Amino acid sequence: MPALHIRGAGRGWSWLAVRTVWAGVMIEQPTPAQIVAARKSAGHTQPIAAATVFATADGWKKWESGARSMSADTWALYCLMTGQHPDFVVVPREAGAEA
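Residue positions within a chain follow its written sequence, with the count starting from 1. Reporting of local features is limited, given that this is a predicted model, to residues whose pLDDT is at least 70; pairs of side-chain atoms are given and counted only at 80 or more, and all residues count toward the totals for whole chains, interfaces and linings. Water and hydrogen atoms were dropped before computing side-chain values, which therefore reflect all heavy atoms in the structure.

Caption draft 1: Summary view of the packing of aromatic side chains. Between the rings of Phe, Tyr and Trp (Trp by its six-membered ring), a pair exists once the centres lie within 6.5 Å; its type follows the angle of the planes, with under 30 degrees stacked, over 60 edge-to-face, and the other angles tilted. Taken as a whole, this structure holds two aromatic pairs when the rule is applied. Here Trp 60 and Trp 63 contribute two aromatic rings whose centre-to-centre distance is 5.5 Å and whose plane-to-plane angle is 75°, an arrangement assigned as edge-to-face. On the criterion of helical spacing, the pair formed by Trp 60 and Trp 63 is a turn pair, its members being three residues apart in helix 4 (residues 57-65). For the pair Trp 60 and Trp 63, one class covers both residues: buried. Each residue is assigned to one of three classes by its accessible area relative to the maximum for its type, calculated with a 1.4 Å probe on protein chains only: buried under 20%, partly exposed between the two thresholds, exposed over 50%. Note on Trp 60: relative accessible area 0%, which makes it buried. Among the aromatic side chains, those forming a connected cluster through ring pairs are Trp 60, Trp 63 and Tyr 78. Counting from the N terminus, the helices are DSSP H or I runs at least four residues long and the strands are E runs at least two residues long.

Okay, here's the thing in structure tokens:
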């Protein structure tokens, strides 16, 4: 898998950077069953999974129940952050490397 560096914006991730990374990389919107399976595979509770993508626990519950659709961008971010993305992994930046 190719290595991928995503710069943070302050304490969080830069959505602009994430959207730029996915330009040209097709990832589909997930089904509720896929969301549940990915969360369980990561060993996350709903609140922890939600925090991983800067969402609320209530919002995550709605994604899992099908009451709301998770965007492909959010799904890609969750898969990336939990090591489940089919094409990319996050690797730490080398010490002293410029941002």
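Now, onward.
Caption draft 2: Structural context of unusual backbone geometry. Of note, Phe 54 is a non-glycine position whose phi angle comes to about 60°, a positive value. Relative to the elements of secondary structure, Phe 54 occurs in the loop between helix 3 (46-52) and helix 4.

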